[in-house]
Structure formats: structure tokens, C-alpha cells
Amino acid sequence: MENLIIRSVTGLFFAGIIIASIAFSSASLFLVFLALLIAGMIEFYNISSRTRSRPQKISGIAIGVILYTFSFLYSIGIIEIQYFLIFIPFCILIYINEIYQDSKRPIQNLAVTFM
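Thresholds applied
- Residues numbered from 1 in each chain as written.
- Predicted model: local features only at pLDDT ≥ 70, side-chain atom pairs only at ≥ 80, totals over all residues.
- Heavy atoms only, no water.
- Helix = DSSP H or I, 4+ residues; strand = E, 2+ residues; numbered from the N terminus.
- Expected span 1.5 Å × (residues − 1).
- Buried < 20%, exposed > 50% of the residue type's maximum accessible area, 1.4 Å probe, protein only.
- Arc of directions from axis to C-beta.
- Contact = heavy atoms within 4.5 Å.
- Phe/Tyr/Trp six-rings, centres within 6.5 Å; stacked < 30°, edge-to-face > 60°.
- Patch = residues over 30% accessible without salt bridge, like charges linked within 9 Å, V, L, I, M, F, W, Y side chains within 5 Å.
- Areas by Shrake-Rupley, 256 points an atom, 1.4 Å probe, with all protein chains shown as cover.
- Salt bridge = Lys/Arg side-chain N within 4 Å of Asp/Glu carboxyl O.

A. Quick look at helix α4 (residues 87–100). When the terminal C-alpha atoms of α4 are compared, their 20 Å separation across 14 residues agrees well with the 20 Å that a helix rising 1.5 Å per residue should span. The set of residues buried in α4 consists of F87, I94 and E98. For α4, the buried positions fall inside an angular range of 35° around the axis, keeping them on one side. Seen from the buried face of α4, the exposed residues on the opposite side, beyond 90 degrees, are I99 and Y100. Those residues of α4 hidden inside the fold are in contact with α3 (57–75) and α5 (106–114).

In C-alpha cells:
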């Protein structure tokens with residue numbers, strides 16, 4: 001029962017933060033969700049590392065942050081859709097990097113990296 005109370009209070013706290021960031025400005029909402037994105041990706045990569053996968057953590061988090069930032073900037077009208085083409089070379093570089101690493105499961109590592 002105590003665990004349920006702790007989780008409920010934590011959920012209310014984070015819901016309050018999200019609602020406050022919505023009310024304050026779009027930049028604060030961007031920062032709150034950016035922090036959640038980074039924390040979630042780190043947690044996912046740590047969990048997937050326990051299953052014999054070796055995701056490219058830094059590359060994956062960097063791509064996720066840049067993609068989220070570009071999506072935000074596009075949604076508020078600062079950049080055009082053509083800027084998303086920058087991700088094609090970055091994704092190819094992640095594939096090339098995985099090919100030259102000595103790993104037994106390169107496809108699994110790439111799949112976990114891009115999740």
C-alpha cells in the first residue's frame with residue numbers, strides 16, 4: 001500500500017510539472033519533455049544492455065535529442081521540413097559504425113539503438 005501512495009504522489013508531482021510547463025511557455029514544455037526523453041532513452045539503453053545488446057547509447061541519444069529539437073522547431077515554424085534530411089547521413093553513419101565494431105549481434109544492436 002505504501003508503494004501505491006509513493007507512486008501516486010510522484011505521478012501527481014510530474015503531472016503538476018507538465019501542466020505548469022504548458023501554462024508557462026512552449027520553451028518550458030520543450031525542456032520538460034527533453035529531460036523526459038533523455039531520461040527515458042538512458043533507462044531504455046540500460047535495460048537493453050542487460051539483454052546482451054550493445055546499443056550505441058551516445059549516438060542514439062544524440063539522434064533522439066536532435067530529432068525532437070527539430071520537430072519542436074518545425075512545429076512552431078522556425079525551420080522548414082528540408083532540415084530533416086540531415087538525419088539521413090547521421091543514420092547511415094550509425095550503420096557504418098556498427099559494421100566496423102566487432103560485435104556478434106550487429107542487427108540487434110542497431111535495432112535497439114534506433115528504438
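B. Expanded view of the packing of aromatic side chains. Taken as a whole and judged by the stated rule, the model has eight aromatic pairs. Put simply, the rings of F70, Y74, F84 and F87 touch in pairs and so form one group of aromatic residues.

C. Spatial organisation of α3. In this model, α3 (19 residues) spans 27 Å end to end at C-alpha, consistent with the 27 Å of a helix rising 1.5 Å per residue. Of the positions making up α3, those classed as buried are G60, I61, I63, G64, F70 and F72. Tucked inside the fold, the buried residues of α3 contact α2 (26–49), α4 and α5. Positive backbone phi, at 85°, marks G77, one or two positions downstream of α3.

D. Inspection of a nonpolar patch on the surface at higher detail. On the surface, Y83, L85, I86, I88, F90, I92, L93, I96, I99 and Y100 cluster together into a nonpolar patch covering about 1,100 Å² of accessible area. Tracing the backbone through its elements, the reader meets I92 in helix α4. Overall, the relative accessible area of 44% leaves I92 in the partly exposed class.

Everything listed is a geometric property; what it means functionally is a separate question.
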